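These are the residues of each chain, in order.
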Amino acid sequence: MVSKADFEVIFNDTFNELFDEFVTPALLDAGHAIENVEKLNNWMPKVTANALSCSYCRESFLNVQQQREHYKLDWHRYNLKQSLQGKEPIAEEDFNLRTENDEVSSISGSDSEEDEQDSLENIATAQGKIFLENAKGQVFSMYRGVLMVDKKEDPSKVDFFKRFRQNCSDNKQWTILMLGGGHFAGAIFNYLTPIVHKTFHCYTVRAGQGGSQSGRDNKSGGSHPKSAGASLRRYNEQALIDHVRSILVSWTQEMKKSSLVFYRASGPYNKGVLFGGKEPVLDRADIRLRTIPFSTGRATYSEVKRVHLELCSAQVYGSLNAAVSRFSKHTLLEKDERKSKTKSCGINRAKSREVVDRPLPGLDSLEVEEDIANTDEEICFGNENLEISFKDLEEFGDSLSPDQRARGQMKKRQRKSKTQKLKEKEEARKKYVIDTITKGNSLILEDLLRERLNTFQSSTTISREEVSSDFFNEVLDERGNSYLHLAAMNEHEELLNYLLSNNADPCLKNKEQKTPYSCTTSKLSRDVLRKFAREHPEKYNYNKAQIPLNVLTEEQMAEKKRAQKKIKKEKEKEKKKENYLKLKEENEKERFINLSDREKRALAAERRILNTQGKVIARCFLCGSDMAGKVPFEYLENRFCSIDCLKSHRMKNIINI
């Protein structure tokens, strides 16, 4: 990019004077083209009558096979390229000589840097610019889109003066629209003054992956993503379309006044926002539409202003030669910048290394210079026998492993303290004891107890009971379990008997506040603990050990069951007797109810006669219930237990008077 001082705003009066009626496209490569035409006219390939010949290499062949082999040679391809450049062909001997001397760097490509460069006109076209020349010979460059509709338009048929007056001088109002990545920025300028402008952003691009959500949906077919982010992006895409269209509709009057409309909308989605739908906001057939001919950044208001300033600027040169030199330097600088980005070691590996005389190691530079200065002097070599002794050398013990030697350092081994060593030893001993209890081996525990007793042989005041009580009541793991806890949980009955007989306390509790009896669910293990509690009732507090003492023996349990069975039989017998008496009473009652009143009175009189000296049973005439101890209700010599029975009997036997 040239400096800002080289640019002139094209709407000012100075530039309007430069842009006269005789402005035509400048031929930057005219001299080069004329030179090529002259070379082509001076040399043309010989056309021989013999069909078995090569007109470019000027060679004849005996048969078709030789001709085909010739077309495969590098010499033929080199001459073919020379003819396209308007140069004379070379003989086969000259080609071989140049190949040996590495003068022909590339046959399929170009052999010079000048040939690799495209014409300046093509480069200018690629950058979206055009070079114009006025009647005074002044050359200036500006963007093609300002004066030309598209690239297909022939510059020779364009009236540039009329286009300039129409688009830049008479009507200085332009519209700039930029859309991409969910960002929209637009403005309408009158010369350098913005009339209206608007920017906004919608979340439509997937974070970390790029691309619009609609593009993702089109790739996935019918199985669209149903995440919350996908739904939000779909909503925002429609909101973006509606918002952009509403803005451009509100700018319709100002956009109609604009002489040019530049836009940037990359991708089908962004182009669909401007040109899609039933009523598109922009018409593709509008001759005012132009795409921004250079790369831009994110769509912001500042970027829109930069794009507008870039489009309405032109580079003015003094003459055609100055334009060619300035533009060629500019293109060369860009190529050098691109080349400098690529890393190159600068070594031609196709050639062998040069032999360089270097001083031997150990010699100083001064000694080398003295040797070079005294090359004329004679150098004498003397032989002398020297005895070398290796007695003072000792073997070096390398304790580093290959990995440590590769790292170049060795980690210092951390020394363990006595306390740490004792702690590890104690943990190993407890682990060994736990494994022994888990296996249920009481012999190993006996050996360990003897070893503990041997340590107290010098002391006569400590007995076996005291040592075993201290040894077998030790906490072995982090859960607070003792010997008895582990033996009960692993259901070793013999080991339980051994520990209990050696003063292992069944009252100890672990961290879960459980005793050995409550730790196990084995009936045999609990029977062992209960049996020990019955045999030694005074040794421990078995209530604290949670061992029940009121548990009976098997004989007692059998005797208790027999007694319970006997009591049960007696209860069943009494119940049968009560049921019999009750049934008998019900039968008597039913039989008495079925009697007539005369029979009931006769039966009552009979019983009174028979039981003059005993108890008289009086029953109700209606329900037959016993009325002993009750005051009966009577009418017409009938007796009833209650007034309800009397009313019922009276209603059944109505007396007509």
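The model shown is predicted, which means the values in this text are computed figures rather than measured ones.

## Here we look at the overall build of the protein chain
- A count of helices and strands for the protein chain gives 27 helices and 14 strands.
- Contacts in the protein chain between residues at least 24 apart in sequence constitute 58% of all its contacts with a sequence separation of at least 6.
- For the protein chain, the exposed surface amounts to about 46,000 Å²; the carbon and sulfur share of it is 51%.

## Regarding unusual backbone geometry
- The backbone of Asn503 shows a phi angle near 65°, a positive value even though the residue is not glycine.
- Asn503 gets classed as buried once you look at its relative accessible area, which sits at 15%.

## Some words on the confidence of the model for the protein chain
- Within the protein chain, residue pLDDT values average 76, and 71% of them lie at 70 or more.
- A low-confidence stretch, residues 1–5 stays under pLDDT 50, and its non-local contacts, those more than four residues away or across chains, total eight contacts.
- Counted against residues more than four places away or in other chains, residues 362–370, with its pLDDT under 50, gives two contacts.

## A look at the layout of surface pockets
- Space inside the second largest pocket adds up to approximately 450 Å³.
- Forming the boundary of the second largest pocket are 18 residues, of which Val149, Asp150, Lys151, Arg290 and Thr291 lie nearest the centre.
- For the lining of the second largest pocket, the elements supplying multiple residues, two or more each, are helix 7 (120–126), helix 8 (144–147) and strand 11 (289–291).
- The greatest single-element share of the lining of the second largest pocket, amounting to three residues, is contributed by strand 11.
- For the lining of the second largest pocket, a count of residues per class yields eight nonpolar, four polar and six charged.

## Observations concerning the nonpolar core
- By size, the foremost hydrophobic cluster in this structure holds 32 residues, and its most contacted members are Phe19, Leu132, Met142, Val146, Leu147 and Phe160.
- For Leu132, the contacting residues outside a window of four places in its chain are Phe19, Val23, Thr24, Pro25, Ala26, Gln138, Val139, Phe140, Met142, Leu147 and Phe160.
- Core analysis: the next-biggest nonpolar cluster, separate from the first, contains 30 residues, Phe472, Tyr498, Ala533 and Ile547 among them.

## A word on a nonpolar patch on the surface
- On the surface, a cluster of nonpolar side chains totalling about 330 Å² of accessible area is made up of Tyr203, Leu232 and Tyr235.
- Within the element layout of this structure, Tyr203 appears in the loop between strand 9 (193–201) and helix 10 (213–220).

## Remarks on the side chain of His70
- Position of His70 among the secondary structure elements: in helix 3 (residues 64–71).
- For His70, a relative accessible area of 4% gives the class buried.
- Only 3.5 Å separates the side chain of His70 from the side chain of His76, close enough to count as a polar contact.
- Sequence-distant contacts of His70, defined by excluding residues within four places in its chain, comprise Cys54, Cys57, Phe61, Trp75 and His76.

## Topic: the packing of helix 4 (residues 74–84) against helix 5 (residues 92–100)
- The interhelical angle for the contact between helix 4 and helix 5, taken along N-to-C directions, is 100°, at an axis separation of 10 Å. Here helix 5 runs roughly perpendicular to helix 4, going by the angle between their axes. Contacts between helix 4 and helix 5 pair Asp74, Trp75 and Tyr78 from the former with Glu92, Phe95 and Arg98 from the latter.

## What to know about the packing of aromatic side chains
- Across all of its chains, the model carries 15 aromatic pairs by this definition.
- Centre to centre, the rings of Tyr78 and Phe95 are 5.7 Å apart; their planes meet at 45°, and the pair counts as tilted. In this pair, Tyr78 sits in helix 4 while Phe95 sits in helix 5, placing the two residues 17 residues apart along the sequence. Comparing Tyr78 with Phe95 shows no difference in burial state: the two are buried.
- Centroid distance Tyr635 to Phe640: 6.0 Å. Interplanar angle 20°. Geometry classified as stacked. The residues Tyr635 and Phe640 share a single accessibility class, namely buried.

Cut-offs used in this document
Residues numbered from 1 in each chain as written. Predicted model: local features only at pLDDT ≥ 70, side-chain atom pairs only at ≥ 80, totals over all residues. Heavy atoms only, no water. Helix = DSSP H or I, 4+ residues; strand = E, 2+ residues; numbered from the N terminus. Contact = heavy atoms within 4.5 Å. Areas by Shrake-Rupley, 256 points an atom, 1.4 Å probe, with all protein chains shown as cover. Buried < 20%, exposed > 50% of the residue type's maximum accessible area, 1.4 Å probe, protein only. pLDDT = per-residue confidence, 0-100. 1 Å grid on protein atoms, 1.4 Å probe; cavity = no way out; pocket = protein on both sides within 12 Å on 5 of 7 lines; lining within 4 Å. Points joined across faces, edges and corners; volume = space filled by probe spheres on them. Nonpolar A, V, L, I, M, F, W, Y, C, P; charged D, E, K, R; others polar. Core = buried A, V, L, I, M, F, W, Y, C linked by side-chain atoms within 4.5 Å. Patch = residues over 30% accessible without salt bridge, like charges linked within 9 Å, V, L, I, M, F, W, Y side chains within 5 Å. Salt bridge = Lys/Arg side-chain N within 4 Å of Asp/Glu carboxyl O. Polar contact = N/O pair within 3.5 Å; in protein donor to acceptor, adjacent residues only side chain to side chain. Axes fitted to C-alpha atoms, helices over the stretch in contact; angles between N-to-C directions. Parallel < 35°, antiparallel > 145°, perpendicular 65-115°, else oblique. Phe/Tyr/Trp six-rings, centres within 6.5 Å; stacked < 30°, edge-to-face > 60°.

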